[in-house]
Amino acid sequence: MELTRMFSDIDLNKIAEDIWRRKGKSATLWDVLVEVLAQKADTEPFIIWMMSDFAVIELVARGHGVDYIVDVLDIPKKEIASTCKTWGMFCLKETLDFDPVLVYNEGMTMLEYKEKLRPILYYVPDDEDLEDTVINVEKYRSVKKLLDEWRK
């Protein structure tokens, strides 16, 4: 009953019709839910999308492999891959032996990044994998910054 009262001021039919008009056959129930939550939180829908993806974004940025994320969040691999694609991030097959969020500093060159990793790793990943981790960290930090600013 309390849930009914909480959403009694929202016209779900109108929201669903508006979303259907905008998205057509690609509209989903999730789109409706995001719109409802955004209205209740008095925010933009993209904030709700960011918050819903944030756990995956953070775990990917911290160097966790897909199988680990599947186990921790109990979501299908397909959703992790989709979230990574949406945010321009790279899924890792295996979990790294370090946390790129803690190791990589903004503006660090690849050489500086590798030199910082050498003393702590038995094997330093190749440049392509390290570049992917840099991109992941930068995407994570930008999303985190936007969410932190929104929360103020």
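### Examining the side chain of aspartate 99
Inference 1: Of note, aspartate 99 is situated in the loop between α6 (77–87) and α7 (100–103).
Inference 2: With a relative accessible area of 17%, aspartate 99 lands in the buried category.
Inference 3: Excluding its chain neighbours within four sequence positions, the residues that come into contact with aspartate 99 are Ala61 and Arg62.

### Some remarks on unusual backbone geometry
Inference 1: A positive phi angle, close to 55 degrees, is found at aspartate 74, a residue other than glycine.
Inference 2: Mapped onto the fold, aspartate 74 is located in the loop between α5 (66–73) and α6.
Inference 3: Owing to a relative accessible area of 68%, aspartate 74 belongs among the exposed residues under this scheme.

### Focus: the packing of helix α4 (residues 45–61) against α5
Inference 1: In contact at an axis separation of 10 Å, α4 and α5 are set at 145 degrees when each is read in the N-to-C sense. Every pair of crossing elements has a handedness; the one defined by α4 and α5 is right-handed. Residue-level inspection shows Ala55, Val56, Leu59 and Val60 of α4 in contact with α5, the latter providing Tyr68, Ile69, Val72 and Leu73.
Inference 2: Of the residues belonging to the contact of α4 with α5, the class tally is 8 nonpolar, no polar and no charged.

### Structural notes on the pattern of salt bridges
Inference 1: This structure, assessed with the given rule, holds 8 salt bridges.
Inference 2: Two residues, aspartate 67 and lysine 77, come together in a salt bridge whose shortest N-O distance is 2.9 Å. In this pair, aspartate 67 is assigned in helix α5 and lysine 77 in helix α6, connecting sequence segments 10 residues apart.
Inference 3: Given the relative accessible area of 42%, aspartate 67 is considered partly exposed.
Inference 4: Of the residues examined, lysine 77 reaches a relative accessible area of 47% and is grouped as partly exposed.
Inference 5: Salt-bridge contacts for lysine 144 lead to aspartate 148; the nearest nitrogen and oxygen are separated by 3.1 Å. Of the two residues, lysine 144 and aspartate 148 both sit in helix α9 (residues 127–151), 4 residues apart, roughly one turn of that helix.
Inference 6: Classification of aspartate 148 as partly exposed rests on a relative accessible area of 31%.
Inference 7: Each of Lys14, Asp18 and Arg21 takes part in a single network of salt bridges with overlapping partners.

Definitions and limits used
- Residues numbered from 1 in each chain as written.
- Predicted model: local features only at pLDDT ≥ 70, side-chain atom pairs only at ≥ 80, totals over all residues.
- Heavy atoms only, no water.
- Helix = DSSP H or I, 4+ residues; strand = E, 2+ residues; numbered from the N terminus.
- Buried < 20%, exposed > 50% of the residue type's maximum accessible area, 1.4 Å probe, protein only.
- Contact = heavy atoms within 4.5 Å.
- Axes fitted to C-alpha atoms, helices over the stretch in contact; angles between N-to-C directions.
- Left-handed = near helix turned anticlockwise from the far one by under 90°.
- Nonpolar A, V, L, I, M, F, W, Y, C, P; charged D, E, K, R; others polar.
- Salt bridge = Lys/Arg side-chain N within 4 Å of Asp/Glu carboxyl O.

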